[in-house]
Amino acid sequence: MLNQPERKPDYFIQIPPEVLFETKLSAGAKLFYGEVLFLTYTYGFCSQKNAYFAANHRVSLRTVENWIKELKALNLIKVELIRKQNKEVELRKIFALAKIDFSKMPDLNQISVQAEASPPARITKPSQKQKKPYGANQNVFLSDNEMEELLKNHTKEQTDKAIELYSEWKADKGANPRSDFNSMQWALGEIEKPAPITKSGRRLTAVQESGCDEVSEETLANLPF
């Protein structure tokens, strides 16, 4: 019989769907089952003592005992005790009863080689220098893709007005958000708000909404349109 590991394992485990999605099992019992399943496939059964699993998972012996009870109750494992002549337990064998294709287990060495040969590509976001400045204050930074997205969902007039409104707000508050594209969405909402409707059903113009029949150029300059 092959010697089974008594130290912290360095292998992958697989958990069958019928175990992984079983609501009557605790999370710990599912992980425990994955180890038992691997050892059953490799050695024919699992012979480790509860203390082995308790140490590796940093749980109490009682917790491991409960995992075994949970799995036995659902007929997912079979426990066989080999006793001496004096009835003392000499060996405990735990058999995982679920079937799984271990030929699909990943090769650690192959994974290491692939990782070294082709490191994952880093996803970079455009920096402020890669974006173009917009607005009267030239402080609204948008990439070509972001501007294209704005024009796809809004008219050019709405987009231009929202940029100007946001530019003024940003300059006034001294704001420096991480993304002008995300931060300026409220400005688009303000621009797209419909004008109030009178009792007669007509929409007020900005001047009418202000309550003035005649306004000075100074007042006009301060109106939000």
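Since we're looking at a predicted model, the values are computed, not measured.

Basis of the calculations
Residues numbered from 1 in each chain as written. Predicted model: local features only at pLDDT ≥ 70, side-chain atom pairs only at ≥ 80, totals over all residues. Heavy atoms only, no water. Helix = DSSP H or I, 4+ residues; strand = E, 2+ residues; numbered from the N terminus. Buried < 20%, exposed > 50% of the residue type's maximum accessible area, 1.4 Å probe, protein only. Contact = heavy atoms within 4.5 Å. Areas by Shrake-Rupley, 256 points an atom, 1.4 Å probe, with all protein chains shown as cover. Salt bridge = Lys/Arg side-chain N within 4 Å of Asp/Glu carboxyl O. Axes fitted to C-alpha atoms, helices over the stretch in contact; angles between N-to-C directions. Parallel < 35°, antiparallel > 145°, perpendicular 65-115°, else oblique. Nonpolar A, V, L, I, M, F, W, Y, C, P; charged D, E, K, R; others polar. pLDDT = per-residue confidence, 0-100.

**Examining the overall build of the protein**
- The helix and strand inventory of the protein stands at 11 helices and 4 strands.
- Burial analysis of the protein (225 residues in total) assigns 28% to the buried set.
- Here the contacts in the protein between residues at least 6 apart in sequence split such that 52% fall between residues at least 24 apart.
- As displayed, the protein has an accessible area near 16100 Å², and 51% of this comes from carbon and sulfur atoms.

**Considerations on the pattern of salt bridges**
- A complete count under the given rule lists 7 salt bridges for this structure.
- Notably, a salt bridge pairs Arg62 with Glu65, separated by 3.7 Å at the nearest N-O pair. Of the two residues, Arg62 and Glu65 are both situated in helix α4 (residues 61-73); the distance of 3 residues between them amounts to about one turn of the helix.
- For Glu65, a relative accessible area of 33% translates into the label partly exposed.
- Here Asp160 and Lys156 are joined by a salt bridge, their closest N and O atoms 2.8 Å apart. With Asp160 and Lys156 both in helix α7 (residues 156-173), this residue pair falls 4 residues apart, about one helical turn.

**Considering the packing of helix α2 (residues 27-43) against α4**
- The geometry of α2 relative to α4 is characterised by a closest axis approach of 9 Å and an angle of 80 degrees between their N-to-C directions. Here α2 lies roughly perpendicular to α4, going by the angle between them. Counted together, Gly28, Ala29, Phe32 and Tyr33 of α2 and Val64, Trp67, Ile68, Glu70 and Leu71 of α4 form the full contact between these two elements.
- In the contact of α2 with α4, the residues fall into 7 nonpolar, 1 polar and 1 charged.

**Comments concerning the confidence of the model for the protein**
- Summarising the model, the protein shows a mean pLDDT of 76, and 67% of its residues fall at 70 or more.
- Averaged pLDDT values for the elements of the protein fall to 45 in helix α10 (residues 206-209) and rise to 94 in α4.
- This stretch, residues 204-215, has a pLDDT under 50; its non-local contacts, to residues over four places away or in other chains, come to 14 contacts.

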